[in-house]
Every structure is written in C-alpha cells, then in structure tokens.
Amino acid sequence: MNKHVQTLKEGTDFEKKHVPMIECKDEVAVNELYEVKVHSAGVDHPMDDGHFIQYIELRIGDLTVYRGSMTQYVKPELTVTLKAPSEGHEGLTMTLKAFMFCNLHGLWTYEKEIAIKK
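A. Region of the structure containing the pairing of strand β4 (residues 53–60). Among the eight residues that make up β4, six are buried, leaving the element largely enclosed by the rest of the structure. Following β4, the chain reverses through two residues before pairing antiparallel with strand β5 (residues 63–69); Gly 61 in that reversal takes a positive phi of roughly 60°.

Here it is as structure tokens:
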C-alpha cells in the first residue's frame, strides 16, 4: 500500500472528514452474514465539483471485498453485507481495513479487528 496513506492522529475536523470509520459488530459467528458501514469519522466531507471523495474501499486483510467509485453527487459512505469465514476459523480475528481517497487530500485509512466466535 502507498506509504502516503494517512490516518487519524490529532482528532482534528480536517482528519475526521477524511478518515473512514467502520461500523459493524465486534464479533461474528462462522458463516454469519453481517453488515458493515463505512463513512467519515464524524465530520461530513464536502462533495463539490473540485473537492470530493473519489472512492471508498473495504478489505479483509489484503483482500479487497468492495470498492465503490464516487462523484460529487453522492454521499461518501457505503454499506455492504459480508459473510464471516467458515468453520475452522473459530477463535481467530480478522482485520477490516477501510480506505477513502479524497481528490485533494489523498488516501486515508482505518482498521477494525473482528473476532470470530467459537
């Protein structure tokens, strides 16, 4: 991944409108379908002709599971239903990674660990 990926460091409004947040359960059962929502971290990002979020990407580890391209005419968020890993993965954790790309301020990221129930 690009070495210029940024994340929340100081909690400023500038950071909060660029850092993607992941909303979902903290633990899931094997084969469970669960909803994941990705959006900005508490401050709405402008979606203007010259300044907008171009895409949001969601990964499990290094595997891209969803990538949504955007224009200035949409709200920069996504909701997707994922399926938890199959039997044999109980007791493990998986890392969800979200990325948001602002056409002016670059790539921003956030991670969340999810436990797989026994």
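After presenting the structure, the write-up continues.
B. Inspection of a nonpolar patch on the surface at higher detail. Residues Leu 63, Val 65 and Tyr 66 make up a contiguous nonpolar surface patch of about 260 Å² in total accessible area. Tracing the chain through its elements places Tyr 66 in strand β5. Relative accessible area serves as the criterion here: at 36%, Tyr 66 is assigned to the partly exposed category.

C. Up close: the sheet that holds strand β7 (residues 93–102). With respect to topology, five strands assemble into an open sheet ordered β2-β8-β7-β4-β5, the strand pairing being mixed. Looking at which strands have only one partner, the edges of the open sheet turn out to be β2 (27–28) and β5.

D. How the structure looks around the nonpolar core. Tyr 34, Val 36, Val 38 and Leu 96 are the most contacted members of the largest nonpolar core, which has 22 residues in total. Residue assignment for this core shows that the elements contributing at least two residues are β3 (33–40), β4, β6 (78–83) and β7. Broken down by element, this core gets its largest block of residues, five residues, from β7. Apart from residues lying up to four places away in sequence, Val 38 is in contact with Pro 20, Met 21, Ile 22, Ile 56, Leu 58, Pro 76, Glu 77, Leu 78 and Ala 98.

E. A look at the packing of aromatic side chains. Inspection of every chain in the model, using the stated rule, returns two aromatic pairs. Taken together, a centroid distance of 5.8 Å and an interplanar angle of 75° make the contact between Phe 14 and Trp 108 edge-to-face. Residue Phe 14 is located in helix α1 (residues 13–16), and its partner Trp 108 is located in strand β8 (residues 106–116); the two are separated by 94 residues in the primary sequence. On the basis of relative accessible area, Trp 108 is assigned to the buried category, the value being 2%.

Calculation criteria
Residues numbered from 1 in each chain as written. Predicted model: local features only at pLDDT ≥ 70, side-chain atom pairs only at ≥ 80, totals over all residues. Heavy atoms only, no water. Buried < 20%, exposed > 50% of the residue type's maximum accessible area, 1.4 Å probe, protein only. Helix = DSSP H or I, 4+ residues; strand = E, 2+ residues; numbered from the N terminus. Pairing = 2+ DSSP bridges. Patch = residues over 30% accessible without salt bridge, like charges linked within 9 Å, V, L, I, M, F, W, Y side chains within 5 Å. Areas by Shrake-Rupley, 256 points an atom, 1.4 Å probe, with all protein chains shown as cover. Salt bridge = Lys/Arg side-chain N within 4 Å of Asp/Glu carboxyl O. Core = buried A, V, L, I, M, F, W, Y, C linked by side-chain atoms within 4.5 Å. Contact = heavy atoms within 4.5 Å. Phe/Tyr/Trp six-rings, centres within 6.5 Å; stacked < 30°, edge-to-face > 60°.

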